[in-house]
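Structural description and commentary
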Amino acid sequence: MGRQQEPAAPRQSPAQPSGWVEKLKREMYVRQAKVERKLSIAASKMTLVGQANAKVKVKAVPKAKAKVKVKAVPKAKAKPKAKKSPKETKAAAWSQGHASPRPAGLACSKPGVVEVKQVVKAQKHPNVPEKRESNHQKIMQQTIQSNLECLLCLQQPEEAERLLLLYHSSPMKRKLLTIGAYNIVMRSWARKGCLHRFNRVLSMLESAGLRPNLDSYAAALECMGRGQACTKIIWRCVQQLKQDGFHVDELFQKCLFEGDEKETVLRAIRIVQPDYQLPPAPKPQTCKSALLNGFYSKEKVVSYPKLDFSAQELRERFQQQLEMELNSTITIQSVESTKPLTPQALRARKQLAALRAQWRGAILQALQKAKHNMSQKRAMSGYNSLYPYLCLLPDEEYVDIMMQILNTLSPQGESLSVLARELGSKVYDRYLTQRKLRSRQLEKVQEIYQDYIHLLAKDSQPGEYLPREYWEKLVAEAGYGPSLRLKDCSWPYVLLMRLGVYLLEILVHSVKVPRNTLKPHLESRLIPVLYHIYSFRSSWQVGLIKPHPIFSQLVSDAAETTLTFSSSVMPMLCPPIPWTSPHFGAFVLSDTKLMRYVDGAFQHQQLLDQCPQVNLHPVLDALNQLGNCAWKINQPVLDIIISIFNDKGNEKLDIPPPLSEAPKPPVTPGNSSAWHKSQKHELLLCKKKAAEMHSLRMDALYKLSIANHVRDEVFWFPHNMDFRGRTYPCPPYFNHLGNDVTRAILLFAEGRPLGPKGLDWLKIHLINLTGLKKKNSLQERLDYANEIMEEILDSADRPLTGRKWWMNTDEPWQVLACCMEIAQALRSPDPAAFVSHFPVHQDGSCNGLQHYAALGRDLIGAISVNLMPCSVPQDVYSAVAQQVEEFRKKDAAEGLKIAQVLEGFISRKVVKQTVMTVVYGVTRYGGRLQIEKRLKEIDEFPEEYLWEASHYLVRQVFNGIKEMFSATRDIQHWLTESAKLIAQSGQTVEWVTPMGLPIVQPYYRVRSTVLNSNMQNLSVKSSANTNQKPDTVKQKNAFPPNFIHSLDSTHMMLTALHCFRQGLTFVSVHDCYWTHALTVDVMNQICRQQFVALHSQKILQDLSKFMLKKYCSPSKDSRAPWQKKLTEQLSNVPETGEFNLTKVMDSTYFFS
């Protein structure tokens, strides 16, 4: 095979007659000339178009979209002509065996395109703001690609190409097209194996001045594999790929495949390279972090802890989980279902069932009519961007989603924007599920999970792998099939909102109820079930969707016994899929982000994608450890809570009462205009209280109903994290981060014997929960528990009929659960052998200040927050209160009135919240409000001095902290000033945690996009643009607390990983660590070791180096005044004190 044979190749192939080739060659040049001429004409008109569009561009995104739609009309009419122009330029290269790397036609076309671009640039309206245009452009690009992905999903390549041509044929619109947009359309033709249509799109890509990337070549080879192209065409494609600087192996290493795409591409390659083999999987990399050298060492590998399930049992659990996620929703029994069924409830249920059947029909009819109208307009005017999104699912699924929203709407209503986001997100989630099914990704996940469970099952061979490592090994061994990560198909936030608003409009307009439903004597005309009203929240006017009282009354009377949830809010019934990358992990089907962030923001995901994957391994492994902890329900405690919940609740015990217990509004005869101001105020307070009570009651109902649903199950909470690295369980309602009630009903599924010291730890934990002996030593707490053992046993045996000691404690429900565990252990034949499932907590002592004191090696601060060994715990809140009292005495002696008024009122409780939150960036304004709230709770304090007293005290608290924690304030000031200067230079604050996690602060001066709808114009804030200016105030105020949060999450993750190596069960609630009573001592030792290891790193110096390199590198404009100032600031790292960090190892009360 030599190049000299190439021209003869087409003639030898019966599929490629030479006449067709010559004709194609002539047509290519003619049509290319037509394209250039058309572009030149468009460019000459650019001044007028630019002036007409300049104003539109500055406006909100929907206006810009409207502009695109209007301009699409004449282009749609000219479609046959436009179709002819961009012909198979690339075909000349691949199907004709052209000798040059680029076809001659393409070489001619480039200058024309460049000239047009220069004309456009020169004639661009000077008043169009560059950054705002960039934001608009970003959203438009995402929207176009989402539209094209929808059409690809709907198997409508003609429509996809038509949309692409709409933008491509206009020089102004063409710059909105990225190579990704062209690739999507090429993939849609590749799936059909239609090479000549594929080539037409490829020639459009080239004429736009873009070059094919790896995805383009993967689509080309897929098309050739499906269309059974001749050897020569495939050979030319592979040669072109190499000339463009790629390697065939990269197709399989870097491209994402769906369905049988990988096999099809491989088949095409093997036509020209019969012996070609898939490249071997890359060798697993090992994290080199200094903090984890020992952890990833192969010499210290231990077997992964086994679950108390066989492989077959885990397979069955996986199938149950998969079935739940495939259904998208799950309907469970409400804990209120135990109430007796009255005739009124039966009648209301019957009415509701009949109405809902009618509503389903009405919504379905309205949706189908709306779609029909859209399709008609689309045929006439070119394109409607929402139409394909209404075709992705069966019509009945859209109706299900809308009915779900209707059935869960509270009587007080919900904001239009919240409902729109929820509707749009539900459609997107179901679309993703469909894609995973169609692409056979789910099939592959199932196959791999079947093998993965051998790592966890008790009847399998022990494996010396972490969950992530084992999963990656299984994926590498699988080789063929679809990629486990889908190609990016995320919808822009603005688009989600537009879709949600549209569906909400259909719902509001189509659901009606007879006016005489509850009062038969009235006329029977139909009235809307939902109303759009306006209300004020703070100083903002908010649009609400509120149900008619008839509907709310029917729902209340029906007292329905079921609740419907999305499957993703439920605990998992099988161990979670391990996190192996920022794009894959947690639930089987439900899409879960590794990092939570505000709607529309993508900067975090971008940082994670750019970060070397090996650097993220520790974070992924820590999340997998937390998620693999199995849980079960504490049934006796749950039953007591449900009984009180159904018996009017108990606010003191944090069990919200039903709405029937809400205060009744004043009844005044006559019209409302005759009411006194005080009566109107009272009515307003009653409504506010009712809304709060409903919200709290529903929250408790959800938690208790989910807990009751899984009362006989073992379950898991998959975890992810926020942008600072703080970890959270993914199911939002019911998890161990919840309140006292929720924590009390959770137990570890795995039990461990108490051992020699376990019972003592249970008793100490009990006293910690009561809050009664915070200043006492551990031994004194243990002695106190033994003294009051009679009360403990009485609480356990007769919680609701005895002396009820447990009710008068800080955390009553956890106290009760602990009393029951202690009672069972004491009454067992051998308490040391008693198998306990109870989680015992060890809590950090003002953990934020602990990190500051360690960073600054601040001796006085370290003593105050228990970094130094002490016989009794040091209480920083009491110390600050004492310091403030000294300031007050001095001021009172000098005759300051407010200092004299405050005598006897300064206590630990008054200052605690402010001291706790100073470290997390609370301002003086926020601190004043906190103190004012505490003073209000003191009945004897004179109300007229509230403002002045809180203003005085917040100043003294800040002074006290500054005096006690001098190094802390210096570090805080350095972080704040650094962030301010970085933000003022137009950049956001970024850093990397000692664990290797990259972090960016997502605070921008966000411009709202106005969405126009028939109900109201909706202002949508989206952080989807990197060109927005940072919000300097938020950037500087948030940096100190966010930086400290990133350190406390690093400490927790290090502790989690090393606890795993020691065989411990470990979970955390931020700076509160949980394990079995047996292993508290081991966890305490690991926790201290990892804190010392973390702070032995040069954290502030490393931060300074990172920021100097990022923000002050020589490549930047070093002459700028801000640059010099920033360099000085970042270089001036605060000095540290004399505290010996290793003392933490011997500090009993560091975590206790």
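As the structure is a prediction and not an experimental result, all values here were calculated from the model.

1. Quick look at the confidence of the model for the protein chain
Across the protein chain, pLDDT averages 84, with 85% of residues at or above 70. Of the regions scoring below 50 in pLDDT, residues 1-25 engages in 27 contacts with residues more than four places distant in sequence or in other chains.

2. Quick look at the sheet that holds strand E5 (residues 530-537)
One open sheet accounts for 3 strands, arranged E2-E6-E5; its pairing is antiparallel. The open sheet has two edge strands, strand E2 (414-415) and E5, and neither has a second partner.

3. Regarding the side chain of His-1058
Checked against the element boundaries, His-1058 lands in helix H42 (residues 1032-1061). Ignoring sequence-local partners within four residues, the contact set of His-1058 consists of Leu-291, Leu-292, Phe-295, Ile-1086 and Gln-1090.

4. Observations regarding the pattern of salt bridges
For the structure shown, the criterion picks out 47 salt bridges. One salt bridge in this structure joins Arg-525 and Glu-523, with 3.5 Å as the shortest N-O distance. What makes Arg-525 partly exposed here is its relative accessible area of 44%. Measuring nitrogen to oxygen at the nearest pair gives 3.2 Å for the salt bridge that ties Lys-703 to Asp-699. With a gap of 4 residues between them, Lys-703 and Asp-699 both fall in helix H28 (residues 677-709), about one helical turn apart. Salt bridges here are not isolated pairs; linked through shared partners, they connect Glu-149, Arg-187, Arg-191, Glu-258, Glu-261 and Arg-435.

5. Considering the packing of aromatic side chains
Working definition: an aromatic ring pair is given by the centre-to-centre distance plus the angle between the planes. Under the defined criterion, the tally for this structure stands at 36 aromatic pairs. When the centroid spacing of 5.6 Å and the interplanar angle of 55° are considered together, the rings of Tyr-449 and Tyr-452 count as tilted. With Tyr-449 and Tyr-452 both in helix H21 (residues 441-452) and 3 residues apart, this pair spans about one turn of that helix. For the residue pair Tyr-449 and Tyr-452, the accessibility class agrees, reading buried in each case. An angle of 75° between the planes, with centres 6.1 Å apart, marks the rings of Phe-717 and Phe-734 as edge-to-face. Separated by 17 residues along the polypeptide, Phe-717 in the loop between strand E11 (715-716) and strand E12 (719-721) and Phe-734 in the loop between strand E13 (727-729) and helix H29 (740-744) bring together distant segments of the chain. Each of the two residues, Phe-717 as well as Phe-734, counts as buried. Every member of this aromatic cluster is reached through a ring pair, and the members are Trp-631, Phe-715, Phe-717, Phe-734, Phe-748 and Trp-1074. It is Lys-773 that lies over the ring of Tyr-784; its NZ or CZ is 4.6 Å from the centre. The cationic tip of Lys-1110 hangs over the ring face of Tyr-1111; the distance from NZ or CZ to the ring centre is 5.9 Å.

6. Description of the side chain of Gln-321
Mapping Gln-321 onto the fold places it in helix H17 (residues 311-326). A polar side-chain atom of Gln-321 sits 2.7 Å from a polar atom in the side chain of Glu-325. Beyond its immediate sequence surroundings of up to four residues, Gln-321 is in contact with Pro-571, Met-572, Leu-573, Cys-574, Phe-587 and Val-588.

7. As for the packing of helix H27 (residues 635-645) against H28
Relative to each other, H27 and H28 sit at 145°, their axes nearing to 11 Å. Considering only the axes of H27 and H28, their crossing is left-handed. Taking contact as the criterion, the partners of Leu-638, Ile-641, Ile-642 and Phe-645 in H27 are, on H28, Arg-697, Ala-700, Leu-701, Leu-704, Ala-707 and Asn-708. In terms of residue class, the contact of H27 with H28 is built from 8 nonpolar, 1 polar and 1 charged.

8. Some thoughts on the nonpolar core
Ranked by internal contacts, the top residues of the largest apolar core, which has 140 residues, are Trp-471, Leu-867, Leu-953, Phe-1039 and Phe-1043. Take this core: its biggest share by element is 12 residues, from H42. Built from parts of two domains, this core gets at least three residues from each of domain 3 (311-601) and domain 5 (875-964). Not counting residues up to four positions away in its chain, the partners in contact with Trp-471 are Val-445, Ile-448, Tyr-449, Tyr-452, Leu-484, Ile-577, Pro-578, Thr-580 and Phe-584. Residues Val-637, Leu-704, Ile-792 and Trp-1074 belong to the second largest nonpolar core, which totals 75 residues.

9. A word on the packing of helix H44 (residues 1099-1111) against helix H45 (residues 1121-1131)
Relative orientation of the contacting elements H44 and H45 amounts to 165°, with a least axis distance of 9 Å. When the axis of H44 is compared with that of H45, the two are roughly antiparallel. Two packed elements cross with a definite hand, and for H44 against H45 that hand is left-handed. Residue-level contacts link Ser-1104, Met-1107, Leu-1108 and Tyr-1111 of H44 to Trp-1122, Gln-1123, Leu-1126, Thr-1127, Leu-1130 and Ser-1131 of H45.

Calculation rules
Residues numbered from 1 in each chain as written. Predicted model: local features only at pLDDT ≥ 70, side-chain atom pairs only at ≥ 80, totals over all residues. Heavy atoms only, no water. pLDDT = per-residue confidence, 0-100. Contact = heavy atoms within 4.5 Å. Pairing = 2+ DSSP bridges. Helix = DSSP H or I, 4+ residues; strand = E, 2+ residues; numbered from the N terminus. Salt bridge = Lys/Arg side-chain N within 4 Å of Asp/Glu carboxyl O. Buried < 20%, exposed > 50% of the residue type's maximum accessible area, 1.4 Å probe, protein only. Phe/Tyr/Trp six-rings, centres within 6.5 Å; stacked < 30°, edge-to-face > 60°. Lys NZ or Arg CZ within 6 Å of the ring centre and 35° of its normal. Polar contact = N/O pair within 3.5 Å; in protein donor to acceptor, adjacent residues only side chain to side chain. Axes fitted to C-alpha atoms, helices over the stretch in contact; angles between N-to-C directions. Left-handed = near helix turned anticlockwise from the far one by under 90°. Nonpolar A, V, L, I, M, F, W, Y, C, P; charged D, E, K, R; others polar. Core = buried A, V, L, I, M, F, W, Y, C linked by side-chain atoms within 4.5 Å. Domains from an automatic or database assignment. Parallel < 35°, antiparallel > 145°, perpendicular 65-115°, else oblique.

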